[in-house]
Amino acid sequence: MPDHSHHVRLLRSLADALEAQSDPADDPFAPHPNTQTILSTRHTSRSQLNYAVPEALQLQQRIRRYNADTGIQHGDIVALALDAFLRAKGYPPDLTTPKAETT
């Protein structure tokens, strides 16, 4: 009888990843509840994220304007946008790793 344990582990991993993704909502830009919890935690550890982006997209100016309109901090705006994009593409965070937890 063939050993299917490797396939079972892969399927369990896939099921865990799918479960971590949010259900489709009316608002595709609504933050995932886990992301909201992390961002609202006062003592969430943070790290710098530096990438060169095309100036023509005016991302810095748009982020500043959005911050002025909503009061959401610049880093949280970037975190929300990237988290939503990566989850939609099938890359949810592994919140079981020590680096993903809050301190």
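In this text, all values refer to a predicted model and were calculated from it rather than measured experimentally. (Residues numbered from 1 in each chain as written. Predicted model: local features only at pLDDT ≥ 70, side-chain atom pairs only at ≥ 80, totals over all residues. Heavy atoms only, no water.)

Section: the overall build of the protein chain
And then number 1: Within the protein chain one finds 4 helices and 0 strands.
And then number 2: The linear arrangement of helices and strands in the protein chain, starting from the amino end, is α-α-α-α.
And then number 3: Taking all 103 residues of the protein chain together, the buried fraction comes to 9%.
And then number 4: Nonlocal contacts in the protein chain, meaning residues at least 24 apart in sequence, comprise 60% of its contacts between residues at least 6 apart.
And then number 5: As displayed, the protein chain offers around 9000 Å² of accessible surface, 56% of which is attributable to carbon and sulfur atoms. (Helix = DSSP H or I, 4+ residues; strand = E, 2+ residues; numbered from the N terminus. Buried < 20%, exposed > 50% of the residue type's maximum accessible area, 1.4 Å probe, protein only. Contact = heavy atoms within 4.5 Å. Areas by Shrake-Rupley, 256 points an atom, 1.4 Å probe, with all protein chains shown as cover.)

Notes on the packing of helix 3 (residues 59-70) against helix 4 (residues 74-88)
And then number 1: Where helix 3 contacts helix 4, the axes come no closer than 9 Å and their chain directions differ by 110°. Between helix 3 and helix 4, the crossing angle belongs to the class labelled roughly perpendicular. Here I63, R64, Y66 and N67 of helix 3 lie close against helix 4, whose contacting residues are H74, I77 and V78.
And then number 2: Along the lines of polarity and charge, the residues of the contact of helix 3 with helix 4 split into 4 nonpolar, 2 polar and 1 charged. (Axes fitted to C-alpha atoms, helices over the stretch in contact; angles between N-to-C directions. Parallel < 35°, antiparallel > 145°, perpendicular 65-115°, else oblique. Nonpolar A, V, L, I, M, F, W, Y, C, P; charged D, E, K, R; others polar.)

What about helix 4?
And then number 1: Taking 1.5 Å as the rise per residue, helix 4 with 15 residues should run 21 Å; its terminal C-alpha atoms sit 22 Å apart, in good agreement.
And then number 2: Among all positions of helix 4, only D76, I77, D83 and R87 are buried. When helix 4 is viewed along its axis, its buried side chains cluster within an angular range of 140° and face the same direction.
And then number 3: In the stretch just after helix 4, G90 is the one whose phi turns positive, near 95°. (Expected span 1.5 Å × (residues − 1). Arc of directions from axis to C-beta.)

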